[in-house]
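Observations on the model geometry
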Amino acid sequence: MPPSDLIRSDSPDLVPQLEKEKSQGDRPPVRPQKVGFVSLGCPKNLVDSEVMMGLLARAGAELTRRTEDADVIVVNTCSFIESAQQESVNTILEMARHKVDGKAKKLVVAGCLVERFRDQIRKDIPEVDAVIGTGELEGILAATGVAPASPKNDSPFVVLPSRPEGDARAAQGRFSRESWARESWTGAIGDLPNYLYDDATPRILATPRHMAYIKIAEGCDHPCTFCIIPQLRGQFRSRRFESMIAEAERLAQSSVREVTLIGQDTTCYGEDFGLKDGLALLLEKLAHIEELRWIRFLYAYPNKITGKLLETIAQHEKICSYMDVPLQHASATVLKRMKRGGGSDVFLRSIAKMRRTVPDLTLRTSFIVGFPGETEKEFEELCDFVREAQFDWMGAFAYSDQDGAQAFDLNKKLSPREIERRRKHLMGIQRQISKKKKKALIGQEFDLLLEGESEESELLLEGRTAMHAPEIDGKVFINDFPEESTPQPGQFYRCQITEAHDYDLVARIV
C-alpha cells in the first residue's frame, strides 16, 4: 500500500477527491458520495470503521465528520452487552431521522449487532438500506452505492478464508468449529466471520495524529460462558507477522508515536501459526522502529502471560511497563462456571511475578460482578482479592445476560439491583486503592504525551503518561507550563505530578 493510502482523519486532505472526469459532451461531472460514520464500542470496532472508511476513500467517496451533511450514513455497532446493544439501536434510530428530516439517502448498519440481529434490523427498522457483518467489511462499497455489488479482482482487501498454518490449532485440539455453531439466532448467517485486514488494506485513521491502534488478530477461541464474541467475530486468527511490521513502519513514518496492539486475546498471537511467544517476538521487532516512542498491548489472557513476554517488556524502554489482564473474577468456583480457570491464589502469584520481572509495572484488570450463582461468599472473595492485589486501574461490569452465551441457561440469576449494589461496592474499594496510589505519585516526574486542550476546561491541557492507556484510564491535567513556549499536542514533555485525585492527576511541565 503506498503511503497515500494512510490518511489521517484530522488532516486537511481527509479524503482524496475523485479525479475530474473527462467531459463527454455536456454531461456534468459526477459528484462523489458524501459518507458519514458513527463508530460505537471498543477500539477493535474502531479499526473496522477505519478500514471501511479507507476503502470508501480509495473508491472516491468523500467522507464527512458531520452526519447531517452525509448522503450515506454508516453506523458501526457494538453488541457485547445489553447496554451496548441498546446504545447501538438508539444510534441507528437517531441516524434514521436524517433520512426523514435531512439529506441522507441511505443508512447502512455494520458490526456486531448485525451478526446477532441481521433479519430483525431489516424488519424492525425499515430505514436501514443495507447491513454489513463483521466478516463482510469489503461489502461496504456496494452497500453505500460507491461501487458495484460484484467485487473487483483488484480489491485492496485481502480475505483469508483458510490457511495451512491454521492446522497448528486443530492439532492442539483447541478449537472445534462445531462447538461454535450458531443455533437459532435471528438472522444468523451460515458461517462464522473469517475476514482479516492486512497492510495492503487502506485505513483512514480516526485517532489523534500521534497514536494508532493495530489489530494483530481477530476472533477468539476461548469458551467463556458469559461471552458471545466467538459467534460475532469467528475463530481466532492472527495477522501475518510481516504485515504488522509494515503497517507499524508506515504509521511511524506518518507521525504516529504510540501504537497500541489490540485483539480479542493478544497473548494468543501466532498460536494458529504454531508460533511460540508470538506476541513477545512481535513486540521485540516493533521496539526497533526508530520513530515509535511508546508500544503497548491490551487484552492479555491470564494464563498466556509467559516469562518471555514479561522479560521482553522489561528489556525494551519503548514497550510500556503496562499490563491489561481482564481476570473477570477471583473465586475459583465462579471462574469454573465461567470456563476460565484460575483463582485468587494463582492470580496473586502471577501478579507477583509480573511486578518482580517488570519494574514499575502498571496493572489494569476488569471483573464481572453478579455472574449467575455468585454467592455473597464468592463476592467477598473477589473483594478481598482486589484489596490484596492493589491494581493501578480496574473496571467492574455488571453481568449482562446474553441469549446465545452458555451462561444464559444457568440458574440462580441475581437481580439487577443486587448486581449493581455489588458493582458499586467493588468500585468503592478500588477507588480508595486508586486514590492512595495516585497520592504516592505526587512529586515524581514522568514523560507525558500531550493530547491537547482539556474537555474539562479551556484553561487546562491534558495528556497521558506511559501509565495511561488511550481512552480507558484516568487523565493528567496540566495547569502549569513555561511561559516562553506553548506545549503542542502530540509532543512529549517531562512533567511533575503536583496533585492527585481518585483517578486523575494534575501536573506541571518542567
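Notes on the structure in this doc start here. (Residues numbered from 1 in each chain as written. Predicted model: local features only at pLDDT ≥ 70, side-chain atom pairs only at ≥ 80, totals over all residues. Heavy atoms only, no water.)

**A look at the packing of aromatic side chains**
On inspection of all chains with the given rule, the structure shows six aromatic pairs. Judged by centre distance (6.2 Å) and plane angle (90°), the ring pair of F367 and F385 falls under edge-to-face. Of this pair, F367 sits in strand 14 (residues 362–369) while F385 sits in helix 12 (residues 376–389), and the two are 18 residues apart along the sequence. Look at F367 and you get buried, because its relative accessible area is 0%. Where F367 meets F391, the ring centres are 6.0 Å apart and the plane angle is 65°; that geometry is what we call edge-to-face. Highlighted residues: F367 in strand 14 and F391 in the loop between helix 12 and strand 15 (393–398), separated in sequence by 24 residues. Judged by relative accessible area, which is 1%, F391 ranks as buried. One Lys or Arg, R296, reaches over the ring of Y322 and ends 4.9 Å from the middle of that ring. Here the guanidinium or amino end of K413 rests over the ring plane of F408, the centre of that ring lying 5.4 Å away. (Phe/Tyr/Trp six-rings, centres within 6.5 Å; stacked < 30°, edge-to-face > 60°. Helix = DSSP H or I, 4+ residues; strand = E, 2+ residues; numbered from the N terminus. Buried < 20%, exposed > 50% of the residue type's maximum accessible area, 1.4 Å probe, protein only. Lys NZ or Arg CZ within 6 Å of the ring centre and 35° of its normal.)

**A few points about the nonpolar core**
M323 and L426 are the most contacted members of the largest nonpolar core, which totals 113 residues. When residues of this core are assigned to their parent elements, the largest contribution, eight residues, is made by helix 1 (residues 43–59). L426 has contacts with F367, V369, F379, L382, C383, V386, M394 and A396, leaving out every residue within four places of it along the chain. Ranked by size, the runner-up nonpolar core spans 18 residues in total, among them A70, V75, L107 and I125. (Core = buried A, V, L, I, M, F, W, Y, C linked by side-chain atoms within 4.5 Å. Contact = heavy atoms within 4.5 Å.)

**What about the layout of surface pockets?**
A probe matching the size of a water molecule, rolled over the atoms, marks out where space remains unfilled. Here the second largest pocket is characterised by a volume of approximately 850 Å³. Together, 31 residues line the second largest pocket, and S321, D360, F446, A466 and M467 are the ones closest to its centre. Listing elements by their share of the lining of the second largest pocket, those giving two or more residues are helix 9 (307–315), helix 13 (416–439) and strand 16 (445–453). Classifying every residue of the lining of the second largest pocket by side-chain character gives 14 nonpolar, six polar and 11 charged. (1 Å grid on protein atoms, 1.4 Å probe; cavity = no way out; pocket = protein on both sides within 12 Å on 5 of 7 lines; lining within 4 Å. Points joined across faces, edges and corners; volume = space filled by probe spheres on them. Nonpolar A, V, L, I, M, F, W, Y, C, P; charged D, E, K, R; others polar.)

**Comments concerning the environment of E418**
Within the element layout of this structure, E418 appears in helix 13. On the basis of relative accessible area, E418 is assigned to the partly exposed category, the value being 21%. Along the backbone, E418 and A398 are 20 residues apart, and their C-alpha atoms lie at a distance of 9.8 Å.

By themselves these figures say nothing about function.
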